[in-house]
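Tertiary structure, described
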Amino acid sequence: MITPSGNRVYGMAAEYPSASSLYEAAKQVRDAGYKRWDVHSPFPIHGMDAAMGLGKSWLSAVVLVGGITGLLTACVLEFGPSSFLYPLIVHGKPTNFWTVPAFFPIMFELTILFSAFAAFFAWQAMDFLPRWNHPMFNWDRFKRVTNDGFFLVLEARDPRFGENEARELLERTGGQHITVVHEEP
Amino acid sequence: MDSAPTAPDVIAGEASASAAPSVARVPLVLNQRNFDWVTNRISGAVENATPRWWWVAFAISSITAVIGLFCLGYLISTGVGTWGVNIPVGWAWGITNFVFWIGIGHAGTLISAILFLLRQKWRTSINRSAEAMTLFAVICAGIFPAVHVGRVWMAWFLAPVPMQYGAWPNFRSPLLWDVFAVSTYFTVSVLFWYTGLVPDLGTLRDRATSKAKKFFYGIFALGWRGSNRHWRHYEMAYLLLAGLATPLVLSVHSVVSFDFAVSIIPTWHTTIFPPYFVAGAIFGGFAMVLTLMIPARAIYKLQDIITPQHIDKMAKVILLTGSIVAYSYMMEFFISWYSGNQYERFASYNRIFGPYWWYWWVGMLFCNCLSPQLFWFKWCRYNIFVVYFVCMCVNAGMWFERFIIIVGGLHRDFLPSSWGLFHPSWVDIWTFVGTFGIFLSLFLLFIRFLPMIAMSEVKTVLPEADPHHALPGGHHPVAAAKEERT
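Everything quoted here is computed from the prediction, not taken from an experiment. (Residues numbered from 1 in each chain as written. Chains lettered and ligands numbered in written order. Predicted model: local features only at pLDDT ≥ 70, side-chain atom pairs only at ≥ 80, totals over all residues.)

Some points on the overall build of chain B
Filter applied, for reference: A run of H or I in DSSP counts as a helix once it spans at least four residues, and a run of E counts as a strand once it spans at least two, with each numbered from the N terminus. The reference for a compact globule is 2.2 Å times residues^0.38; the radius of gyration itself is calculated from the C-alpha atoms. To sort residues by burial, count the other C-beta atoms lying within 10 Å of each one's C-beta; a count of 20 or more means buried, 12 or fewer means exposed, and anything in between means partly exposed. C-beta atoms are built from the backbone. The contact criterion used is a C-beta to C-beta distance within 7 Å, with each C-beta placed from the backbone.
From N to C terminus, chain B includes 17 helices and zero strands. Rg of the C-alpha trace for chain B: 24 Å, near the compact-globule value of 23 Å for 486 residues, within the 12% margin. Taking the principal axes of its C-alpha atoms as reference, chain B extends roughly 85 × 50 × 40 Å. Here chain B holds 486 residues, and 46% of them are scored as buried. Residue pairs at least 24 apart in sequence account for 79% of intrachain contacts in chain B once pairs closer than 6 positions are excluded.

And the structure:
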């Protein structure tokens, strides 16, 4: 969608006075059948995922893969040198397979290390961060989102999006300061 | 000094509008503050002009840090002979300081991770600064094992990399476990801390008045815009990092204790060490958190966020872990008697009546075992001066404890002819003092440039953050807060 002045439209946004009003609005937008929309709040609102119709995050699956990678890395790192490359005999102690509990601490640490990196980078990848510019930042009032502002935006790329319908839906759900947000500042 | 608002007091002040509820909880943020107040108060500490006390404190701590760095340079360029270590006491202040600092770090992870998993909402007021404290304490801790090896340029031998003689590090050695544990701990702590910081960096970016601030906070905020599609993955990542950090923090001090427990020195060679060290770490760390937070909350007027209730809860953790530590001390004595081993028995006797007797009587008995018992009394937990006194005792006591464990085990060798005492050199002393300078300098920089309290997390514990929070008569937080508690 393009405005008469030639600016591409990102979406229609509204501000809500509180977390609870945003929560109620989200449920109505979900039930209206919108798919490309989002809410913005200064803190995670409990139950908002369900109110938006979103399921559980699958980030945990990535972390599981990270953890398994870490464990396997530790196995290769420890068994490789200690069993094959350079078996080290210290104080005449045995080096056979039954000494494997001595390898557990490093296996554990690397499992944690790789899982943590997986969680950290998967979060950013799944949220498409870092992304330093975004159409929402073009709206002055949106600065309050990291303080005490609660926002809901219907994106223009949603098939149900129409300027009048979107405005009407936001008004009906109690949105204030309803604004068209442009792609370019 | 703070008065102690107890549950009945707070309710009595508000009872005019509504009937007194049967079960009352003191709110985590006092005086019905709203979101905007939280943002302004916490960001204000970063945005306002640098106060004069900060410059004075930073000058003192950074000069101390420079003295410490000079001592490290002198140690590295001259050799470990500049320390007082010798046979039989081959490990002394260096390793004592290492265990001391790494233990302090553990409280930060306990607050940020374990209390998060236990859904202890009061952690939100203190987790950011406690995590920062963790990082800075681990930095101080990491210095000592690195320099105590003598030839620091050989420290890379610890890394499992192929080298020209084909030899590899001994993966069965607790000292190598320690390298992995501490480096993993530091890395995961940084990731966890930074993940929690991102939404708050977004706040500082949006409030920035100068272009430079907007640029730097903006870069590190990663373009955070509070989207719920982002919060969804963010919260999962945060939960998993907490779940990973929890066993990690327990493992790190267990591995540190293995450095001792796996040896055959009397009083080191015990199976009680891993839980005993972990409890001691949390004990000492909470004392350091309070040492830093009690002045910070007074200076930055954060009493509504870090309330007497928070201090009370931290004091209870100190009481619990201090009692576990005291039990462990008793159990050590019991086992050394029960073992029938003459070296163990002698080492225990020597701990109380030997040349280091006063370290035990003052450090372990008075500071660690007796002083936290004051926290059985509510009056003590709500009296800032008593709390601060106990925290100072614990800070000192935990250092003495590590010294007694390390030097106490070594100075009376199996052969009386090789007995000897430890005498610290000036390099020993100033290196240790210098790490306090490094620690405090980093902490001062932290409270100057980053939000010391997790704003986005504190906001979630306000009553208005509840999506089912009814707002009678429009948006009126005071009325709403009263409504919430009835």
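That was the structure; now back to the text.
Some words on the overall build of chain A
Helix and strand counts for chain A come out as five helices and four strands. The C-alpha atoms of chain A give 26 Å as radius of gyration, which overshoots the globular expectation for 185 residues (16 Å, by more than 25%). Along the first, second and third principal axes, the C-alpha atoms of chain A reach 80 × 35 × 30 Å. Evaluated residue by residue, chain A yields a buried proportion of 43% over its 185 residues. In chain A, of all internal contacts separated by at least 6 residues, the share reaching a separation of at least 24 is 80%.

Considerations on helix H2 (residues 35-47) of chain B
All names here are of chain B. Definition in use: For a helix, the expected span equals 1.5 Å multiplied by the number of residues minus one. The arc in question is formed by the directions pointing from the helix axis toward the C-beta atoms.
The end-to-end C-alpha distance of H2 is 18 Å, a good match for the 18 Å that 13 residues give at a rise of 1.5 Å each. For H2, every residue scored as buried is listed here: Phe35, Val38, Thr39, Ile42 and Ser43. Seen from one end, H2 has its buried residues packed into an arc of 100 degrees, which puts them on one side. Among the structural elements, helix H6 (174-207) and helix H16 (455-460) are those in contact with the buried residues of H2.

What to know about the pairing of strand S2 (residues 37-40) of chain A
All names here are of chain A. Note the following rule: At least two bridges found by DSSP between two strands are what make those strands a pair.
Alternating residues of S2 divide into Trp37 and Val39 and Asp38 and His40, and every residue in both groups is buried. Where S2 and strand S3 (residues 150-155) come together, four bridges link them in antiparallel fashion. Looking across to S3, one finds that Val39 is bridged to Leu152.

Regarding the interface of chain B and chain A
Let me state the cut-off plainly: Here the term charged refers only to Asp, Glu, Lys and Arg, the term nonpolar to Ala, Val, Leu, Ile, Met, Phe, Trp, Tyr, Cys and Pro, and the term polar to all other amino acids, Gly among them.
Each partner contributes to the interface: chain B provides 55 residues, whereas chain A provides 60 residues. Elements that contribute at least two residues to the side of chain B that touches chain A include exactly H2, H6, helix H8 (228-261) and H16 of chain B. Here the element with the most residues in the side of chain B that touches chain A is H8(B); it accounts for 16 residues. Considered class by class, the residues forming the side of chain B that touches chain A number 24 nonpolar, 22 polar and nine charged.

Focus: the pairing of S3(A)
All names here are of chain A. With five of its six residues buried, S3 lies for the most part within the structure. Bridge count for strand S1 (residues 9-16) against S3 is six bridges, and the pairing is antiparallel. Bridge assignment links Ala14 to a residue of S3, and that residue is Leu152.

Topic: the environment of B:Ile60
With respect to the helices and strands, the residue B:Ile60 is situated in helix H3 (residues 52-78). Put simply, B:Ile60 and B:Glu235 are 175 residues apart on the chain and 40 Å apart in space, counted from C-alpha to C-alpha.

A look at the nonpolar core
Our working rule: Nonpolar cores are identified as sets of buried Ala, Val, Leu, Ile, Met, Phe, Trp, Tyr and Cys residues joined via C-beta atoms within 7 Å.
Grouped together as the largest cluster of nonpolar side chains are 180 residues, with contacts concentrated most on A:Ala119, A:Leu152, B:Ala237 and B:Val289. Per-element tally for this core: the top contributor is H8(B), with 16 residues. Once you skip the residues sitting within four places of it in the chain, B:Val289 turns out to touch B:Ala107, B:Ile126, B:Ala130, B:Met133 and B:Met314.

Regarding the packing of helix H4 (residues 104-126) of chain A against H8(B)
Using the following cut-off: Working convention: axes come from line fits to C-alpha atoms, limited for helices to the stretch in contact. Angles between N-to-C directions cover 0 to 180 degrees. Roughly parallel refers to an angle under 35 degrees, roughly antiparallel to one over 145, roughly perpendicular to one between 65 and 115, and oblique to any angle outside these ranges. The sense of a crossing depends on the near helix, which, turned anticlockwise from the far helix by less than a right angle, makes the crossing left-handed and, turned clockwise, makes it right-handed.
It is at 10 Å that the axes of H4(A) and H8(B) come closest, and there the two elements cross at 160 degrees. When the axes of H4(A) and H8(B) are compared, the pair comes out roughly antiparallel. For H4(A) against H8(B), the interelement crossing comes out left-handed. Note on element contacts: H8(B) touches H4(A) through B:His233, B:Tyr234, B:Ala237, B:Leu240, B:Leu241, B:Leu244, B:Leu248, B:Ser251 and B:Val255, opposite A:Pro105, A:Phe108, A:Ile112, A:Ser115, A:Ala116, A:Ala119, A:Phe120, A:Ala122, A:Trp123 and A:Met126.

What about helix H5 (residues 163-172) of chain A?
All names here are of chain A. For H5, the full list of buried residues reads Ala166, Leu169 and Leu170. Viewed end-on, H5 has its buried residues packed into an arc of 95 degrees, placing them on one side of the element. Turned more than 90 degrees from where H5 packs its buried face, Asn164, Glu168, Glu171 and Arg172 sit exposed. Tucked inside the fold, the buried residues of H5 contact S1, helix H1 (19-31), S3 and strand S4 (176-182).

Thoughts on the environment of A:Glu15
Residues and elements named next belong to chain A. With respect to the helices and strands, Glu15 occurs in strand S1. With 107 residues separating them along the chain, Glu15 and Ala122 place their C-alpha atoms 30 Å apart. Ignoring any residue separated from it by four or fewer positions in sequence, one finds Glu15 in contact with Arg141, Gly149, Phe150, Phe151, Gly175, Gln176 and His177.

What to know about the packing of helix H4 (residues 93-117) of chain B against H8(B)
Residues and elements named next belong to chain B. Between H4 and H8, whose axes approach to 9 Å, the crossing angle comes to 155 degrees. Put simply, H4 runs roughly antiparallel to H8. The handedness of the crossing between H4 and H8 comes out as left-handed. Contacts between H4 and H8 involve Val99, Ile102, Gly103, His106, Thr109, Leu110, Ala113, Ile114, Phe116 and Leu117 from the first element and Ala242, Gly243, Ala245, Thr246, Val249, His253 and Val256 from the second.

Remarks on unusual backbone geometry
Between A:Leu129 and the following residue, A:Pro130, the backbone shows a cis peptide bond with an omega angle of -5 degrees. Inspection of the secondary structure assignment puts A:Pro130 in the loop between H4 and S3. The step from B:Ile87 to B:Pro88 runs through a cis peptide bond, and the omega angle for that step is 10 degrees. The phi torsion at A:His91 lies on the positive side, around 55 degrees, for a residue other than glycine. Here A:His91 is to be found in the loop between helix H3 (59-85) and H4. The backbone of B:Gln32 sits at a positive phi, close to 50 degrees, despite the residue not being glycine. On the basis of neighbour count, B:Gln32 is assigned to the partly exposed category, with 19 C-beta atoms found within 10 Å.

Observations concerning the sheet that holds S4(A)
Residues and elements named next belong to chain A. Read from one edge to the other, the open sheet built from four strands follows the order S2-S3-S1-S4, with strand pairing classed as antiparallel. With one partner strand each, in any of the chains shown, S2 and S4 form the two edges of the open sheet. Adjacent strand axes in the sheet meet at a mean angle of 20 degrees, parallel and antiparallel pairs treated alike. Along the sheet, H1 contacts S1, S2 and S3; its crossing angle with S3, the most-contacted strand, is approximately 20 degrees. Sheet strands in contact with H5 are S1, S3 and S4, and its direction is about 15 degrees off that of S1.

Digging into the environment of B:Trp357
Relative to the elements of secondary structure, B:Trp357 occurs in helix H12 (residues 357-370). For the pair B:Trp357 and B:Phe136, spaced 221 residues apart in the sequence, the C-alpha separation amounts to 32 Å.

Spatial relationships are all this shows, so hold off on functional conclusions.
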